[in-house]
Amino acid sequence: MATPDSSSPPAAAPSRLAPLNDAMEKLELNAFGLRAMLDTARAELGATAVNEMAAALGVSLERVTGKDAWVSMAFVEGFMTEMVRRSGDPQIIDRFSAASISPRYLGVIYPLFRAFGSPALVYDQVVHTGPRFNKVGRYSLLERKPGFVRLDYRPVAGAPRDSTAWFCRSRQAQLACAPRLFGLDVAQVAHPSCLARGDDSCIYELRWHVPKGQWLSWAGAAVGVLTGVIAAAVGGSHAPLGVFVVCSSGLAGWASAHALRLRHSRDESIHELRQHHDALKQSVGQNEERFAELLAAKAEVDQKVEARTHQLQLTSDTLSETLQQVQALDRAKTDFFNNVSHELRTPLTLILAPLDDLVAGREPAGGRQPVLEAMQRNAVRLLRLVNQLLDLAKVEAGKMTLARVPTDVVVFARGVVQVFEGAAQRKQVKLAFEPVGQSVLLSLDTRWIESALTNLLANAMHFVHDGGRIRVRVLDRGADVVIEVEDDGPGMSAADARYVFERFAQADEGSSGRHGTGLGLPIVREAARLHGGEVSVDSQLGHGSTFRLTLPRIFETESITSALAPVQAVLVGGRPGEQPVAPLEHAQEPRVEHASEAMGAGPLLLVVEDNPDLRSFIANVLAKHFRVRTAENGAQALRLALQEPPELIVSDVAMPQMDGLQLCRRVRAERALTGTPIILLTARSETSEVLRGFDAGASDYVIKPFHARELLARVEVHVQLRRLLRDTTAHGRLAMLGLVAASVAHQVRNPLTALASGLPAMRARLKDSVDGRMLELLDTMVECAGRIERLTTDLLDVSRVDREEQVSFAPGKSLLVCARLAGPGLVSSGIRIHEAVDVETQLAGRPGDIHHAILNLLDNAARAIDGAGELELNGYVRDGSYVIEIGDSGPGVQVALRQQIFEPFWTSRPAGQGTGLGLAIAKQLVTEHGGAIEVGDSRLGGALFSLTLPLGEQAVRSLPSEREARQSAHP
């Protein structure tokens, strides 16, 4: 066992056998007992118990079993004590100690002991090499003779002594097992002195059996002596000579017998070594063969693994590509059905909602005739969509046939183009028809080709910008006739152009976004294929698109079945045998401005819907109670909302450029719009879709088709809730300000009064006795005291501690009085004042409050002008109220901030230049008089603040009495 000490281990004593000494120097002698102890504990008690015991002793096993590890005597004693306690068997100490003196733990020195040593040599090495692995105790050899040694073990000076008997027991077991290394029985141990019993040292007397291998030598010696005696007797030698002969003969006999014994032992050793050599050679050969087999097997496995890996990679790539295709198809299908659902529910809303009013006997919003026309248009639109879906089933079933008739393509195409002229004029699009000649005859199914050409024109009309250009050409190329539709719209990417005619495909969400059902262009492709032709597109982002419908020149006059096998495509045009319907959403839409304002009064609402019929219907429904602005997509709506924040937004979800969800996120990110309620209109009622809307910031959801009364009720609820929240917040802030003001009145006003009155007197007295820098410092202190006094006064005005009783007064005179009070400061700043004030009209109220509100507005106007400018003061009677107007030539107030400027502590001025209370106080005082205060645009170019004070007794019915005011100010 190795134990730490401050000194290095002493050098080992010289040994008689150099190979043994070299091996002992390189051996980790720590393994003699520690490793055996730990292995035995794991085997008998379990690894968990070993870890727990080590942890309980504050030692980690990694530290104990390290290459250069030394362990403390206390740790080993504690570990052995815990082993005995957990196992309940003290002999566990004997077992691991005996195991430590075995080939498994001795390692390389075991064959050296067997080859060159004996039990006595082992004990000698214990004495000489002990200091290299034990720093707390030393062995000494007291006595040695054949089969016996007497060893003494005592602690090093200053080292701790054994505190238990476990160390002594372990040493006895280790020493007793030394003879076993040589195939002998364990030594008998006598222990007359023990450290555990209080003696100065442990003494161990060890006896072991020495094998009797000398009998042959002594027998040879006896034969030699006998032979010498016989020879001396026969030869009659003298006594000295006879003795010499006998001794010589005996010695020769002993030597001959000993040589025979050594030769026999050598032969046995050589035989044993040869057997070991043959066994090792055979084992090496077998290992080499096994190694070669393993190499061959490894090479074969590596080859198979490589081939299998390659196959798996190919399979993985194929599966990945297939998965991407399936996912793309699934997304395309989902988008297709979502768009179809939207296209179905929007016209259903425009049919069912007015129909509900008509059935109930109510006049529809917008008038009866416009509503009936919209219902008819959307019913036709539904019919067309249903017909397209039915034709889809026909194509996939392989039952679609053509009814060809001789047709003049030029006349036919001109007729289709004329249908779109009205829509082109409303959109200010230049629509040109450029035929190749007067007539080009073909045998066509006119219904299919009309549907294809209609879809191409509808697609161009949708994507072309206002004021853009569309050209339709008919080209005769001999065997083929080509119809081209060219537009200067946004175009499309090469990736979109490759798939634009495929099933479920639509252009990527770029400048125009997704729109419609995605049926149009696949219908064009089916029409071309059924006629034996083809369709193609040339397009580039930002440079428009050109679609080409190529038809082979065929002159059959009877109905024929198409020569081409029906292709499993998706989408088809108008049903054969029925007159196709022009794209009503583009060619026959009513005249509705892209952003318009409906008639109405009250809070402003913003309606966002890309379908013009539905946009007009919603605006008419809401205009009965609100002022309504409309937009056709989210991007336009966001611009309008930032210009003038609405009270509420009603928005569709599926729209081009910016959809409803994106609009919600953008609105919530704008500070001026963050609290605006948003009601989304959607054709999808799945829970996941509704949750997506709420996650984006929507306040409510209305599922299409909906009734007008339901939408109006939801809008009114959200508007009322917002007003209630705003009023509650304002009341809470004002109550808080009252508490703050009361505290200021008691804690700040008295010392502030002393400062405000004392500092000017100090400055006047010290004016002639201090330098300029000190005077500047005093001026700064006087200014700061004045600023604090003004802030305190504002806070006290909020709490209205000093309210006066109600009296009759002329608000026009109050305006002029306040202007005269502020006049010198305004004139000195270069501000010109224009007055037009009625000073005769009177009303009941508290003139001090109105004076304070006017002074705050005048101060606000002067700060806004900030130098030379103009100020207008107006006072007049309007609709039973007295109106005070204060206009300035400053920068004005942004529309988005016109509600926030009246909130307490809100200010746009730099820090330290305003408290944010002036306008809030003015609004509070005017509101208490039953009036209102608003901000708009002045004719001078800046802001115009208007105070409206009602005349008559009802004007002051909400004013609290002086007692109530004081009680509210001092709760």
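Let's hear about the packing of helix 6 (residues 92–100) against helix 10 (residues 166–176): which residues, and what values?
Viewed as axis vectors pointing N to C, helix 6 and helix 10 meet at an angle of 45 degrees, and their least axial separation amounts to 8 Å. By the angle between their axes, helix 6 is oblique relative to helix 10. Judged by the twist between their axes, the crossing of helix 6 over helix 10 is right-handed. Only Trp166, Arg169, Ser170, Ala173 and Gln174 of helix 10 make contact with helix 6, whose side of the interface consists of Ile93, Asp94, Phe96, Ser97, Ala98 and Ser100. Considered class by class, the residues forming the contact of helix 6 with helix 10 number 5 nonpolar, 4 polar and 2 charged.

So what's going on with the pairing of strand 1 (residues 137–145)? Which residues, and what values?
Two elements, strand 1 and strand 2 (residues 148–155), share 8 bridges in a ladder whose sense is antiparallel. Bridging from a neighbouring strand, Lys145 pairs with Phe148 of strand 2.

How would you explain the environment of Asp652 if you had to name every residue and give the values?
With respect to the helices and strands, Asp652 occurs in strand 15 (residues 648–652). A relative accessible area of 0% places Asp652 in the buried class. Within polar-contact distance, the side chain of Asp652 engages the side chain of Lys704 at 3.2 Å.

Describe the environment of Glu143, naming the residues involved and giving the relevant values.
Mapping Glu143 onto the fold places it in strand 1. The exposure class assigned to Glu143 is partly exposed, which follows from its relative accessible area of 34%. Remark: the alpha-carbon pair of Glu143 and Glu205, spanning 62 residues in sequence, is separated by 9.1 Å.

An account of the sheet that holds strand 2 is requested, with residue identities and associated values reported.
Strands sit in the order 1-2-4-3 across an open sheet of 4 strands; the sheet is antiparallel. The outermost strands of the open sheet, each flanked by one partner alone, are strand 1 and strand 3 (188–193). The mean angle between the axes of side-by-side strands here comes to 20 degrees, regardless of whether they run parallel or antiparallel. Two strands pair when backbone bridges link them, and strand 3 and strand 4 (residues 202–207) are joined in this way by 4 bridges, in the antiparallel orientation. Counted as the bridge partner of Ala190 is Glu205 from strand 4. On top of the sheet, helix 9 (residues 119–129) reaches strand 1, strand 2 and strand 4; it is set at about 150 degrees to strand 1, its chief contact.

Cut-offs applied
Residues numbered from 1 in each chain as written. Predicted model: local features only at pLDDT ≥ 70, side-chain atom pairs only at ≥ 80, totals over all residues. Heavy atoms only, no water. Axes fitted to C-alpha atoms, helices over the stretch in contact; angles between N-to-C directions. Helix = DSSP H or I, 4+ residues; strand = E, 2+ residues; numbered from the N terminus. Parallel < 35°, antiparallel > 145°, perpendicular 65-115°, else oblique. Left-handed = near helix turned anticlockwise from the far one by under 90°. Contact = heavy atoms within 4.5 Å. Nonpolar A, V, L, I, M, F, W, Y, C, P; charged D, E, K, R; others polar. Pairing = 2+ DSSP bridges. Buried < 20%, exposed > 50% of the residue type's maximum accessible area, 1.4 Å probe, protein only. Polar contact = N/O pair within 3.5 Å; in protein donor to acceptor, adjacent residues only side chain to side chain.

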